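Fold and geometry: a report
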Amino acid sequence: MPKRPLQEPTNRYSASQEGGIAMTTSVVLVDDHELIRHGLAGAFTRDDSFTVVGQAGTVAEGIAIAEAVLPDVVVIDLQLPDGSGLDLVRTVRKERKDVGLVVLTMYAGDEQIFAAMDAGASAFVGKDAPSTEVVAAARHAAVAPLSFTCAGLPEAMMRRMSS
């Protein structure tokens, strides 16, 4: 990403059910499988507190969209055609400390969990998790982008300490 002044994400507002205005969390989805992106978009659309503002299928597209729309959260597949989703995590995290970065993958082993945490991800979710878990991870990531959550982290830490 080229150097540029750090910008704050644009606030996004929507009408709440009570008739007032509610701020929503903007999300970009990065996965090389269109079916997965559409499924995730559906999960986020069902929750009024999120708005999907972009989708990408590669690391390069993900970087471009994240830079253009300044989302609150980016959900990123680990395996992408032009590189690792962790490359995207590192690039975005280097530029923005305030963005939530959720790694979503079929490969949810200890090595992947620790690699995501080391890269600067906010959350790690396996693709076998229910969509509500991905949405919950995005909610965490939006509120605490520099903390890391993963359902399997305690067990992974125990295995790492005992080896």
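Thresholds, definitions, all that
- Residues numbered from 1 in each chain as written.
- Predicted model: local features only at pLDDT ≥ 70, side-chain atom pairs only at ≥ 80, totals over all residues.
- Heavy atoms only, no water.
- Helix = DSSP H or I, 4+ residues; strand = E, 2+ residues; numbered from the N terminus.
- Buried < 20%, exposed > 50% of the residue type's maximum accessible area, 1.4 Å probe, protein only.
- Contact = heavy atoms within 4.5 Å.
- Areas by Shrake-Rupley, 256 points an atom, 1.4 Å probe, with all protein chains shown as cover.
- Phe/Tyr/Trp six-rings, centres within 6.5 Å; stacked < 30°, edge-to-face > 60°.
- Lys NZ or Arg CZ within 6 Å of the ring centre and 35° of its normal.
- Polar contact = N/O pair within 3.5 Å; in protein donor to acceptor, adjacent residues only side chain to side chain.

**Points about the overall build of the chain**
Scanning the chain from N- to C-terminus turns up six helices and eight strands. Reading the helices (α) and strands (β) of the chain from amino to carboxyl end gives β-β-α-β-α-β-β-β-α-β-α-β-α-α. Counting the 163 residues in the chain, one finds 44% classified as buried. Nonlocal contacts in the chain, meaning residues at least 24 apart in sequence, comprise 66% of its contacts between residues at least 6 apart. Only carbon and sulfur atoms are counted for the fraction: they give 57% of the accessible area of the chain, which is about 8,400 Å².

**Considerations on the packing of aromatic side chains**
Counted according to the given criterion, the structure contains one aromatic pair. Between the NZ or CZ atom of Arg 160 and the centre of the ring of Phe 114, over which it lies, the distance is 3.7 Å.

**Structural notes on the side chain of Thr 24**
Relative to the elements of secondary structure, Thr 24 occurs in strand β2 (residues 21-30). With a relative accessible area of 4%, Thr 24 lands in the buried category. Of the polar contacts made by the side chain of Thr 24, one reaches the side chain of Thr 51; its length is 3.1 Å.

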